[in-house]
Amino acid sequence: MRPFVRASLAVAVLSLGISMSLPAFAQKATVRMWTFLNPSGTTPREVTLAKIISDFQAANPDIEIVTETHAFDQLTPKFLAAHGTGKAPDIIWAATDFLGDAIASGSLADLNELFINKWTPEQIADRKGPYWDLTLRNGKQYALFTSRNYISLLYRPDFFKQAGVDPDSIKTWDDFVKAAKALTVTDTSGQVVRYGFAQGYSEHQADPLLMIPMALANGDGIFKLDGRANFAHPAGVAAMKFQTDLIKEHKVSPPQAAAWTVDDVYEQFASGRAAMILGASVRVSTLQSKLGDDKVGMMLWPGSGEVEHAPAVMAGWAVGVWSGSKVKAQAGKFVEYMLGPIGDKMWVEKGGQSPGLLSTLASLGDFIKQPGKDYLRVAAEGSAKFGWLAPIDFSAGGYRQALNKAGQRILVNGEDVKASLERAESDFNRQHKR
Amino acid sequence: MHSKYAGIHYIVPAFALLTLVLFSPVFYGVWFSLFRIQYGSPTDFAGLDNFRDLLSDPTLPATLHRSAIFTAAAVSITIALSLALAIWIHRLGERRGFLVQIIVIVPWIISTVVATLLFRWVFVNDIGLAGSIARMAGLDDIQMLNNPHSAMALLVAVSVWKRIGYAVIILLAGVKGIPDDYEEAALIDGATPFQIFRRITLPLLKTPLLLVAIVLTLSNLNTVETPLVLTGGGPGDATRILPMDVFDRAFITYDLGSATALALAMFFGNVLLVLAYVRLAKWKT
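Residues numbered from 1 in each chain as written. Chains lettered and ligands numbered in written order. Predicted model: local features only at pLDDT ≥ 70, side-chain atom pairs only at ≥ 80, totals over all residues.

- The name an unreviewed UniProt entry assigns to chain B is Sugar ABC transporter permease, from the organism Microvirga puerhi.
- As recorded by UniProt, the Subcellular location (unreviewed entry) comment attached to chain B reads in full: "Cell membrane".
- Heading Sequence similarities (unreviewed entry) of the UniProt record for chain B holds this comment: "Belongs to the binding-protein-dependent transport system permease family." (UniProt positions renumbered as here; feature names shortened; annotations may be inferred.)

1. As for the overall build of chain B
Reasoning step 1: Secondary structure summary: chain B contains 13 helices and two strands in total.
Reasoning step 2: Each principal axis of the C-alpha atoms in chain B carries an extent, and together these give about 75 × 75 × 30 Å.
Reasoning step 3: Expressed as a percentage of its 285 residues, the buried residues of chain B come to 36%. (Helix = DSSP H or I, 4+ residues; strand = E, 2+ residues; numbered from the N terminus. Buried ≥ 20, exposed ≤ 12 C-beta atoms within 10 Å, placed from the backbone.)

2. Section: the overall build of chain A
Reasoning step 1: Scanning chain A from terminus to terminus reveals 20 helices and 12 strands.
Reasoning step 2: Here chain A holds 434 residues, and the buried ones make up 50% of them.
Reasoning step 3: For chain A, the share of sequence-separated contacts (at least 6 apart) that also reach a separation of at least 24 residues comes to 75%. (Contact = placed C-beta atoms within 7 Å.)

3. A look at the interface of chain B and chain A
Reasoning step 1: Listed per partner, the contact involves 25 residues of chain B and 34 residues of chain A.
Reasoning step 2: Taken together, the residues of the side of chain B that touches chain A sort by class into 12 nonpolar, 11 polar and two charged. (Nonpolar A, V, L, I, M, F, W, Y, C, P; charged D, E, K, R; others polar.)

4. Points about the domain arrangement of chain A
All names here are of chain A.
Reasoning step 1: According to the domain assignment, chain A contains domain 1 (30-149 + 315-368) and domain 2 (151-313 + 394-431).
Reasoning step 2: Between domain 1 and domain 2, the C-alpha centre-to-centre distance is 29 Å.
Reasoning step 3: Domain 1 puts 15 residues into the contact, and the matching count from domain 2 is 14 residues.
Reasoning step 4: Elements with a contribution of two residues or more to the side of domain 1 that touches domain 2: α2 (44-59), α4 (99-104) and β6 (144-155).
Reasoning step 5: A class-by-class count of the residues in the side of domain 1 that touches domain 2 yields three nonpolar, eight polar and four charged. (Domains from an automatic or database assignment.)

5. Considering helix α15 (residues 341-349) of chain A
All names here are of chain A.
Reasoning step 1: Where α15 is concerned, the buried positions are Gly343, Asp344, Trp347 and Val348. The arc that holds the buried residues of α15, viewed along the axis, is 135°, so those residues lie on one side.
Reasoning step 2: On its buried face, α15 is in contact with α2, β6, α14 (328-338), α16 (358-363) and α18 (374-385). (Arc of directions from axis to C-beta.)

6. Here we look at the UniProt feature "transmembrane region" (unreviewed entry) in chain B
All names here are of chain B.
Reasoning step 1: Mapped onto the present numbering, the UniProt feature "transmembrane region" (unreviewed entry) falls at residues 12-34, 68-89, 98-123, 151-175, 196-218 and 256-278.
Reasoning step 2: The span residues 12-34 is 96% helical and 0% strand by assignment, and the distance between its end C-alpha atoms comes to 30 Å.
Reasoning step 3: When the span residues 68-89 is considered, its composition is 100% helix and 0% strand, and the gap between its end C-alpha atoms is 31 Å.

7. Some points on unusual backbone geometry
Reasoning step 1: Residue Pro235 of chain B is bonded to the preceding Gly234 of chain B through a cis peptide linkage, with omega at 0°.
Reasoning step 2: On the secondary structure map, Pro235 of chain B appears in the loop between α11 (225-230) and α12 (242-251).
Reasoning step 3: For Asn138 of chain A, which is not a glycine, the phi torsion comes out positive at approximately 50°.
Reasoning step 4: In this fold, Asn138 of chain A is placed in the loop between β4 (136-137) and β5 (140-141).
Reasoning step 5: For Asn138 of chain A, a count of 7 C-beta atoms within 10 Å corresponds to the exposed category.
Reasoning step 6: Its identity as a non-glycine residue notwithstanding, Lys251 of chain A has a phi of 60°, on the positive side.

8. Observations concerning the nonpolar core
Reasoning step 1: Ala94, Met276 and Val319 of chain A are the most contacted members of the largest nonpolar core, which totals 181 residues.
Reasoning step 2: The dominant element in this core, judged by the number of residues it contributes, is helix α7 (residues 148-176) of chain B, at 14 residues.
Reasoning step 3: Three or more residues apiece are contributed to this core by two domains, here domain 1 (30-149 + 315-368) and domain 2 (151-313 + 394-431) of chain A.
Reasoning step 4: Those residues in contact with Ala94 of chain A, other than ones at most four positions away along the chain, are Thr76, Phe79, Leu99, Ala102, Ala143, Trp317, Ala318 and Gly320 of chain A. (Core = buried A, V, L, I, M, F, W, Y, C linked by C-beta atoms within 7 Å.)

9. Some points on the pairing of strand β8 (residues 192-198) of chain A
Residue and element names in this part refer to chain A.
Reasoning step 1: β8 sits mainly inside the fold: five of its seven residues count as buried.
Reasoning step 2: Note that strand β7 (residues 185-186) and β8 share two bridges and pair antiparallel. Its bridge partner being in β8, Thr186 is matched across the sheet by Val192.
Reasoning step 3: Adjacent in sequence and paired antiparallel, β7 and β8 are bridged by five residues, among which Gly190 carries a positive phi angle near 90°.
Reasoning step 4: When β8 meets strand β9 (residues 274-280), the two strands line up parallel, connected through three bridges. Paired with Phe197 across the strands is Met276, a residue of β9. (Pairing = 2+ DSSP bridges.)

Listed below in structure tokens is the structure:
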């Protein structure tokens, strides 16, 4: 055979081979997911996400999950902006504050159509609760929650023991102040080496301040029905005064906290500079991995005479599928796996999160009874009985920042509590054009 | 084609690329700002409503004022220090000059977020380095981030520290470009060192100084990472400058209409500032 003919035949055979194998390549779907967790990271939740992705991909070789990590406070607004330009990721983790915007914008696909319609009534019942209801609108299920975040009091059991304070003895806000005083330690020069309680007031990375559960316990709420801010009512003023007095009057909280972010607070807690902090259940596993399981506990907020426990702000991440995705089925398949019975168990056991399924809670009864895992029970009980979710019928974005700024003005500028809250209301309403 | 238009052929590819990369977002921003934005998408045509809303915002004048103070302080201090450093480095020997140059440049090459976090950890609490030094010196705790004036001073200091390396490099190149003969001749004529600096060095550094002033002004006026990480705009609004305001409007309250309008206003402000600088430099020629 002439070399030219041989070469032509070889090229033809090669081309045929490539063209036959192309469909196999073409079938592999890439699913882009935006989250705040970095699967290459080392925290328990990041390790869990990486494991869930690798297990899913092993079982579904035709689907590749590509994760893009974003700062948590910018994740949802960026997604909404990306939806506006038609270039959003296939899977999104939406923060509770912006969940209403995400649903109203039409950016989230109905998960019923993707996979929930195939579920049995038992499977649906397994998931029922406030988080399920929050993402159910007009018969459509727009997202499922992971990372149920119960934000209340984290404490150091070892410091409580040293100070002779029983965590269960903190029933009222007066008990809380007494305990915080007992837990505040000063050295011989009068320098405070440990504060009884700490929370951060920075607008950057803002968690909901203590005053919110305290005000909510009174039943007044922090929003009016039309979405306008409702901070400066008597209960709000009393709650803000209580929390700023922890610094100004009782000296059980650090004045530097006026500039602290959430992460600063966790660092102070981890370094033993604070015995109690305002903290989230989802951070407990990371703190325990640094300090030891027996060094981090969680308790419900104190109550008043009428309310057993003030309702904690619940937040979290609602995972949904982008309505404009070209790989909705594959994206839905991953969401179903990630938040299904296998994924949920992993999030609890490895990631240290509260269970999302009642069956997980039941099956992991022994796990939750282990030392240091009691916070899962506290978070589950709190979520069921003493929780508050920001409304999603209007955008609530910025309410935590507005209240933090009000707190800063009171602490740093000596502004009057009521005047500062009224200004916060006015700023919030103006920003939202309400 | 007439020879005077021949150059157009050469600049068309670069201009097209610039249009795509630099100008298209501006055009898109202008278009975007003329609509009501809901959930990230333009809905009804709003004309100049977004800009009118901006003008009626009672917090904006104070933010503008703080931005002007921050930028003016950061730029003038950076230029003064970098000019002194550039002249000093020029007079050092080659090896020592090189070492000082490296030390001065390091902050510039560090990521802004990392550099700012380093400062934050020094000042953020009473067990930071600043607090420890203060206590060793018998002073009270330093709470710079809790005081409106010291928080702004710290913001300026971080900005100066971060950007001084760039300014030194440019000004040092300018200083090295001045022939030694000029100084020698001036010395023979009996000029004092200050007169040499005032009459020879400074005028001959006009171009690099202008360049440094423009770049520093723009980078300070548009920095969001430094205030966001260092102070979060606080305490209160003490360090809230314009780019942070844009960031908050876009990512905290999700008001993309006013965020875009403010960003555009800042863009045109930047352009005007550059034109003013260039014009000012020409007048003094």
